[in-house]
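# Observations on the model geometry
Letter by letter, the chains look like this.
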Amino acid sequence: MWFGISASTVAQLLMLAQVSASAVVPAKSEDLCKAALPSAPPSAASGLAAETAFLEAGEAAGRRGGGLSMLQLAASAQESLQLRRVPSARSRRSPGGAPISPVRNFKGVSMLCLQLPISVAFRKEAANGMAFGLGQDPRPLELDESGFAEVRIADFPDAQLGWKGTVGASEIENVPHRLLSVRLPILRGGEKMYQTVFALSDDDVAVLIYRMSSGIPAKLANISFPATASFPEGLGMNASRRSVNLFQAQNIRDVGEADLTSVEALFAYPEMNFGTELSNLLPLNSTKYDLVFKQLMTKATITNARKVDVELSIVDGSWDGFSWMLADSKPVNAWWVQADLEVTTTLVSEKRPTLGINPFSDALLNDRMLGEVLTEKEKPPKVKFAYTHGDVIWFTTKIDQKKVTPYLAPGLTLRSDEAVVWHVRWQPADILNMWGMKDSQHDYLDLEYNELWVTMPVTYRGRNFTYPILMLLDEDVGQMAGQDGGGCPKKLANLTYTFSPPPGQGSEVLLNVNRHGRHVLNVTGKMSGITHKPIVGVNDNKDPAGEILFVMSHQFPWDPAVDRPKYFFVRGVQQTKEQRGLENLRVSYGAGAPEPLAEWFVGEPIEGGYIRMNQDWLPSLDTPFDWQFEEVDPDEFGEWWKIAFPVLYM
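Keep in mind it's a predicted model, so treat the numbers as computed, not measured.

### Some points on the overall build of the protein
- From N to C terminus, the protein includes 11 helices and 27 strands.
- For the protein, the proportion of its 650 residues judged to be buried stands at 62%.
- In the protein, the share of contacts with a sequence separation of at least 24, taken over all contacts with a separation of at least 6, comes to 77%.
- Only carbon and sulfur atoms are counted for the fraction: they give 49% of the accessible area of the protein, which is about 22,000 Å².

Here you go:
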């Protein structure tokens, strides 16, 4: 299906593939999606043709725009072809009202608040328009040169962020957590504001909710915090991520009562956050939608405030850290604050630049989603697929259509009663180096991880697609890249995946998945003989039904008339190395509201198998062009989101 496709045609469709951004700008395209392909000749030939066209288009964009990322390629092609999209009637509809309250309360918060000088390096990024998401002239957002960077590390014992089931119809769930955040002072039309440019949290539910609801680019970390309700005299706190101690505060000392006016000023200004979805990086000529910022206004009821002295150690890793933003690790001011917080979220629209990519420096994009490399495995030489040595098991099963339908994104309907569930371990995946475009000779950022795909056969506007309704994995960089880049509904989980002996005839397979102590899935079976039948949604590159439909992204419906998800269509390209049957399949499902597999599926598996494959991604080449980034219905978005909340975030 790939032969005869020109580079310019591929480039047009790549405009929607910012999800897979993977070169000059480390806008991770992680496992943004996965699709399918058969066993040998068709897979290899199709993948090669698509890869060739893709690389040709990449070279053209690189010559014109100085970059080789899919984002830059897409924008470059769009600019030259002057393509324009016609807004659909449905995208202009306004809902009857916001589905949720914009106000959230946090009781009994304790925090260390630090003001530190901003580095020359960060000031240069800001001066070049590479810091806050909008760099065109005149710049809507500028660094407030008179201000300080604010670093906060806080304990939230009472954070009513979650829901046990449907929003508004189930019990609210407390999500206690710690949060480290770095806020930079900005000016918008002369008005003083802040933007959170770096954040860490020790709870993955809080991470997802901060990223999707508030635009705070939180990443998972280990955070220690004094377990005391009184002043932490002589104590300290620490934030580490992926084996790097990024922040340490030691020997906290009380030096007197704080000036209440100075402390209240810490909460007096709005916070205007760019958001984490990579579609925000597109120019106006690639999408007709305004940029939507999340604006947070905090009302603080302060119960205790002390001036403090503290010793800091702030260190950057290879891919992580914020010390480069600071001129010094000696605080200008430091406070210990205890307060109740009321945070109100509103949405603010800004016009996108007409041409080019909304700028963020490489360092800031790294800080928003990347992390240290934890594997020693590398891709095979001369293999340009980003995802390699994938050991896959899959099975099909009957669907309870009545139970599944409420969880389908707006506009989707089931087209059959059989789902495909599959799991892969990538060894490794070089997620920022799709098709070798970042570095054709070397690996760039290798990740080794497990990932479960729960997919449904759906129809959208009369065409067949595969819809991932739930994805679980054990690599948070992969989670953020897929979520931000393509709207992949990814959550972290504990996954045990073994073959005994190594994959081959007679190997015993075990897959066990659990999350937050909940049983999600257990699969056992025995590998049998060689097979050749490609599996739609896993390794079949030919069947249009194997194209993946994502809803991008999973923001909160603060105002669906202003901001709501878009449809995004992609196609996986696989190179199948080996394929076998799977016998004696035994499957058990969990029934918790966040992963209700026992409600969705009925009976024993129908069939299953094993696949060894490499993989990479392209935007859909069959889906009508003007469907890409079409917005979901605003009324349906709110109602679907309420039902899907625990599946998306909990």
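### A closer look at the pattern of salt bridges
- Taken as a whole and judged by the stated rule, the model has 37 salt bridges.
- In this structure, K164 engages E173 in a salt bridge whose closest nitrogen and oxygen atoms are separated by 3.7 Å.
- On the basis of relative accessibility, which here comes to 41%, the residue K164 falls in the partly exposed class.
- You can call E173 partly exposed: its relative accessible area is 27%.
- Notably, a salt bridge pairs K526 with E508, separated by 3.7 Å at the nearest N-O pair. On the criterion of sequence distance, the pair formed by K526 in strand β24 (residues 518–530) and E508 in strand β23 (residues 508–515) is long-range, its members being 18 residues apart.
- Look at E508 and you get partly exposed, because its relative accessible area is 39%.
- Taken together, the shared-partner salt bridges in this structure form one network comprising K219, R241, R242, D320, E475 and D476.

### Quick word on the environment of Q574
- For Q574, the location among the structural elements is in strand β26 (residues 566–589).
- Within the local environment of Q574, its side chain forms a polar contact with the side chain of Q615, the two groups lying 2.5 Å apart.

### A word on the packing of helix α5 (residues 204–214) against helix α9 (residues 476–486)
- α9 packs onto α5 with a crossing angle of 25 degrees between their chain directions and a minimal axis gap of 12 Å. Viewed along their axes, α5 and α9 adopt a mutual orientation that is roughly parallel. Between α5 and α9 lies a crossing of right-handed hand. Judged by residue contacts, L208, R211 and M212 of α5 engage Q479, M480, Q483 and D484 from α9.
- Here the residues of the contact of α5 with α9 sort into 3 nonpolar, 2 polar and 2 charged.

### Here we look at the side chain of D476
- Note that D476 resides in helix α9.
- In this structure D476 comes out as buried when scored by relative accessible area, which is 8%.
- Of note is the side chain of D476, whose polar atom sits 2.8 Å from the side chain of R242.
- The contacts of D476, once residues within four sequence positions are left out, are L220, R241, R242 and L492.

### With respect to the side chain of D144
- Here D144 lies in the loop between β2 (142–143) and β3 (149–156).
- Looking at D144, the relative accessible area reads 8%, which means it is buried.
- Among the polar contacts listed, one links the side chain of D144 to the side chain of K192, at a separation of 2.9 Å.
- Ignoring any residue separated from it by four or fewer positions in sequence, one finds D144 in contact with P185, I186, L187 and K192.

### A look at the layout of surface pockets
- Its volume calculated, the largest pocket comes out at about 370 Å³.
- Taken together, 19 residues form the lining of the largest pocket, with L220, D474, E475, D476 and L492 sitting closest to its centre.
- Of the volumes computed, that of the second largest pocket is approximately 290 Å³.
- The wall of the second largest pocket is formed by 18 residues, among which T396, R415, E418, V420 and V536 lie closest to the centre.

### Looking at the packing of aromatic side chains
- As enumerated under the stated definition, the model contains 31 aromatic pairs in all.
- Geometrically, the ring pair formed by F465 and F569 is tilted, given 5.0 Å between the ring centres and 40 degrees between the ring planes. Taken together, the positions of F465 in strand β20 (residues 463–473) and F569 in strand β26 put the pair 104 residues apart, joining distant regions of the chain.
- Judged by its relative accessible area of 1%, F465 is buried.

### A short note on unusual backbone geometry
- At the junction of Q427 and P428, the peptide bond is cis and its omega measures out at 0 degrees in the coordinates.
- The residue P428 is located in strand β18 (residues 418–430) in this model.
- In this model, S500 is joined to P501 through a cis peptide bond whose omega is -5 degrees.
- Mapped onto the elements, P501 comes out in the loop between β22 (494–500) and β23.
- Here the phi dihedral of K382 falls at roughly 65 degrees; this positive angle occurs in a residue that is not glycine.
- Looking at the element boundaries, K382 is found in the loop between α7 (362–369) and β16 (387–399).

### Regarding the nonpolar core
- Core analysis: the biggest nonpolar cluster contains 96 residues, and F122, F132, F247 and F322 have the highest contact counts within it.
- Ranked by residue count, the leading element in this core is strand β14 (residues 291–314), at 6 residues.
- With residues near it in sequence (within four places) discarded, F322 still touches V151, L180, V182, F198, F247, I314 and D316.
- Core analysis: the next-biggest nonpolar cluster, separate from the first, contains 93 residues, C113, A409, L549 and W640 among them.

### Digging into empty space enclosed by the protein
- Under the defined criterion, the tally for this structure stands at 6 cavities of 30 Å³ or more.
- Lining the largest cavity are 21 residues, with R152, F156, E271, T298 and V343 positioned closest to its centre.
- Of all the secondary structure elements, the ones that give two or more residues to the lining of the largest cavity are β1 (103–116), β3, β7 (177–188), α5, β14 and β15 (333–350).
- Taken together, the residues of the lining of the largest cavity break down into 13 nonpolar, 4 polar and 4 charged.
- Volume-wise, the second largest cavity comes out at about 160 Å³.
- Lining the second largest cavity are 18 residues, with E277, S279, N280, R352 and K566 sitting closest to its centre.
- Per element, the largest residue contribution to the lining of the second largest cavity is 3 residues, and it comes from β14.

Here is what the cut-offs are and how they apply
- Residues numbered from 1 in each chain as written.
- Predicted model: local features only at pLDDT ≥ 70, side-chain atom pairs only at ≥ 80, totals over all residues.
- Heavy atoms only, no water.
- Helix = DSSP H or I, 4+ residues; strand = E, 2+ residues; numbered from the N terminus.
- Buried < 20%, exposed > 50% of the residue type's maximum accessible area, 1.4 Å probe, protein only.
- Contact = heavy atoms within 4.5 Å.
- Areas by Shrake-Rupley, 256 points an atom, 1.4 Å probe, with all protein chains shown as cover.
- Salt bridge = Lys/Arg side-chain N within 4 Å of Asp/Glu carboxyl O.
- Polar contact = N/O pair within 3.5 Å; in protein donor to acceptor, adjacent residues only side chain to side chain.
- Axes fitted to C-alpha atoms, helices over the stretch in contact; angles between N-to-C directions.
- Parallel < 35°, antiparallel > 145°, perpendicular 65-115°, else oblique.
- Left-handed = near helix turned anticlockwise from the far one by under 90°.
- Nonpolar A, V, L, I, M, F, W, Y, C, P; charged D, E, K, R; others polar.
- 1 Å grid on protein atoms, 1.4 Å probe; cavity = no way out; pocket = protein on both sides within 12 Å on 5 of 7 lines; lining within 4 Å.
- Points joined across faces, edges and corners; volume = space filled by probe spheres on them.
- Phe/Tyr/Trp six-rings, centres within 6.5 Å; stacked < 30°, edge-to-face > 60°.
- Core = buried A, V, L, I, M, F, W, Y, C linked by side-chain atoms within 4.5 Å.

Any functional reading would require information beyond the geometric quantities listed.
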